[in-house]
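Breakdown of the fold
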Amino acid sequence: MSGLMQDWPLLVPSILEHARINHGEQEVVTRTVEGPIHRYTYAELYGRAKRCAKALSKLGVGEGDVVATLAWNTHRHMEAWYGIMGIGAVCHTLNPRLFTEQIVYIANHAEDQYVFTDLTFVPICEAIESQCPGIKGFVIMTDREHMPETRLDNAICYEDLLADSDEDFEWTQVEENAACGLCYTSGTTGNPKGVLYSHRSNVLHALTVNQADAFGLKASEAVMPVVPMFHANAWAIAFAAPMTGTKLVMPGSEMDGKSIHELLDREQVTFTAAVPTVWLMLLQHLEENDLSLPHLERVMIGGSAVPETIVARFEDNYGVTVTHGWGMTEMSPLGTFSAMKPAMSDMSKDDRMKFKLKQGRAPYMVEMKIVDDDGKELPRDGESFGHLVVRGPAIAKGYYKGEGGEILDGDGFFDTGDVAHIDEHGFMQITDRAKDVIKSGGEWISSIELENVAVGHPDLAEAAVIGIPHPKWDERPLLICVKNEGTSIDRDGVLEFLQGKIAKWWMPDDVVFVDEIPHTATGKIQKRTLREQFDGYKLPS
Ligand code: AMP
């Protein structure tokens, strides 16, 4: 028997519709790419998103077509997102931090028809134009006065486009499973692969992150997504904020400590989210200038593991609660949050910190477990570690155009490629990427844990661990380090430092020093390049 409830499709434009009706007066503040602070309301954002949608229709863009954005977090980028999704087209976020060849590959693979871009990225557009014949035009998100000299064949001024359009437009009604967003994973191996979000998955994901133990945004708050809309959807804040009528503060292109602090302070931001590097810059700026954070209550940190020093400085010195989160493009992107449980309230501060540093527990709509190489589930004992697999309504079931083939197991679980353990409280902790874990004598050694311990040495700036083939043990760890300038630490000094801090059999077989460790465009250590660099390396016997 079917239930007798309404079929109300979960469509992204309904979020903005809700914001207009219930929070039309709420502010959206942007540090513009041109410089000045811009402020208007959700009602105005709504009107301009409709103008954008109508303009796109006039350009001939329709349901299922792909339109890219290559842009910072701004009010105009928000308008473009809702405008594109509002006509049933697919909004493809291009990541400007990728190399030009990757952007070309991705734009062609996605079949982008138009690119909405900021002044900053016009040179990237010029570099890719001749190699992307499918792109019909570049919409530069600025006004006539700021339009740059450009050799782009079809450069369209965004403000002109909107001025020639109007708000008299009905959102295109598509079915809730229709595609509306596309984001390519940076992938350290092979070509980037596209994750194709639906209206339904985006709405459900925004509800997931709005649970109280996750972001729990409120109409009485102000949120600033520092995490970019071009990488992992600004962690759903572009949907979650209008859904709750939360004041939205957009940082534009300036991500240094001073600029971020100015906005946090002046706009009375209560909640913000970004990767650890951003927070290191902010904390340093606060400390050097003796500044405070009187309004900020909570900060969400993820994308890579959060170091203890960041949590301690935020919580002890500024009274800001840190939540650690983990996720990936394929998960829309958030998968876990490290919000405390009652069992932790009686713990000592040090013990609570251990849980804060874990990647956290799954909210409703994310199922996760760890399995061994044969797919058998491993216990949640905080020690056994295995492949982390996940399923849920906002998790990919395949990549765009079938790249990568079948990606779910027989039970519908997606292998994240991360290796983790889960403890009895449900807190997951990443111990490695599956391809980076070192398999020694049938047991696994976590390269990340070794790296974390090694960088605790005051003379080391960075450390990376890779597995080197070994005749007896299969693989053994090689520790590759970058020294801090002016220090004279050597191999034995490093090994001595590790003694007692790690299991004996985890001890690296050798330590080498390099000037630089290679990183991917999104800041992750490029282990594949290191493995190539150290191919054939002879460990001391
Ligand atoms: P991306 O799809 O580019 O966002 O990358 C996702 C990957 O980043 C995950 O599979 C993890 O390996 C890594 N990652 C994300 N958040 C964290 C975190 N909090 N701690 C450690 N690794 C993380």
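A brief report on the enclosed structure follows. (Residues numbered from 1 in each chain as written. Predicted model: local features only at pLDDT ≥ 70, side-chain atom pairs only at ≥ 80, totals over all residues. Heavy atoms only, no water.)

1. Here we look at the pattern of salt bridges
Scanning the entire structure with this criterion turns up 30 salt bridges. Lys354 is the salt-bridge partner of Asp351, the closest N and O atoms lying 2.9 Å from each other. Here the residue Asp351 and the residue Lys354 both occupy positions in helix H12 (residues 349-356), the gap between them amounting to three residues, near one helical turn. Here Asp351 falls in the partly exposed class, since its relative accessible area comes to 30%. For Asp423, the salt bridge identified is with Lys358, shortest N-O distance 2.8 Å. Of this pair, Asp423 sits in the loop between strand E18 (414-422) and strand E19 (428-433) while Lys358 sits in the loop between H12 and strand E16 (367-371), placing them 65 residues apart in sequence. (Salt bridge = Lys/Arg side-chain N within 4 Å of Asp/Glu carboxyl O. Helix = DSSP H or I, 4+ residues; strand = E, 2+ residues; numbered from the N terminus. Buried < 20%, exposed > 50% of the residue type's maximum accessible area, 1.4 Å probe, protein only.)

2. Quick notes on the packing of helix H4 (residues 100-110) against helix H5 (residues 122-129)
Between H4 and H5, whose axes approach to 10 Å, the crossing angle comes to 65°. As summarised for this structure, H4 and H5 are arranged roughly perpendicular, according to the angle between their axes. Regarding H4 and H5, the two cross each other, and that crossing is right-handed. Of the residues in H5, those in contact with Thr100, Ile103 and Val104 of H4 are Ile124, Ala127 and Ile128. Within the contact of H4 with H5, the residues separate by chemical class into five nonpolar, one polar and no charged. (Axes fitted to C-alpha atoms, helices over the stretch in contact; angles between N-to-C directions. Parallel < 35°, antiparallel > 145°, perpendicular 65-115°, else oblique. Left-handed = near helix turned anticlockwise from the far one by under 90°. Contact = heavy atoms within 4.5 Å. Nonpolar A, V, L, I, M, F, W, Y, C, P; charged D, E, K, R; others polar.)

3. Focus on the sheet that holds strand E5 (residues 112-117)
Strand order across the open sheet formed by seven strands is E7-E6-E5-E3-E4-E8-E9, with mixed pairing between neighbours. Edge positions in the sheet fall to strand E7 (155-157) and strand E9 (194-198), since each of these pairs with one other strand and no more. Strand-to-strand twist in this sheet, taken as the mean axis angle between neighbours without regard to direction, amounts to 25°. Where strand E3 (residues 66-70) lies against strand E4 (residues 90-93), four bridges are found, and the strand directions are parallel. Looking at the pairing, Val66 lines up with Val90 of E4. (Pairing = 2+ DSSP bridges.)

4. So, the state of the cysteines
As enumerated under the stated definition, the model contains zero disulfides in all. Between Cys52, a cysteine without a disulfide, and Cys91, which holds the nearest cysteine sulfur, the sulfur-to-sulfur distance is 9.5 Å. Note on Cys52: relative accessible area 0%, which makes it buried. For Cys183, which is in no disulfide, the shortest distance to another cysteine sulfur is to Cys91 and amounts to 9.8 Å. The class for Cys183 is buried, based on a relative accessible area of 2%. (Disulfide = S-S within 2.5 Å.)

5. Considering the sheet that holds strand E2 (residues 37-41)
Within a sheet, neighbouring strands are paired by backbone hydrogen bonds and run either parallel or antiparallel to one another. Spatial strand order, E2-E1-E11-E10-E12-E13-E14-E15: eight strands in an open sheet with mixed pairing. The outermost strands of the open sheet, each flanked by one partner alone, are E2 and strand E15 (334-337). When the angles between neighbouring strand axes are averaged without regard to direction, this sheet yields 20°. Alignment of strand E1 (residues 27-31) against E2, held across five bridges, turns out to be antiparallel. Residue pairing for E2: Val28 is matched across the bridge by Tyr40. On top of the sheet, helix H11 (residues 308-318) reaches strand E13 (298-301) and strand E14 (321-327); it is set at about 145° to E14, its chief contact.

These values are about where atoms sit, not about what they do.
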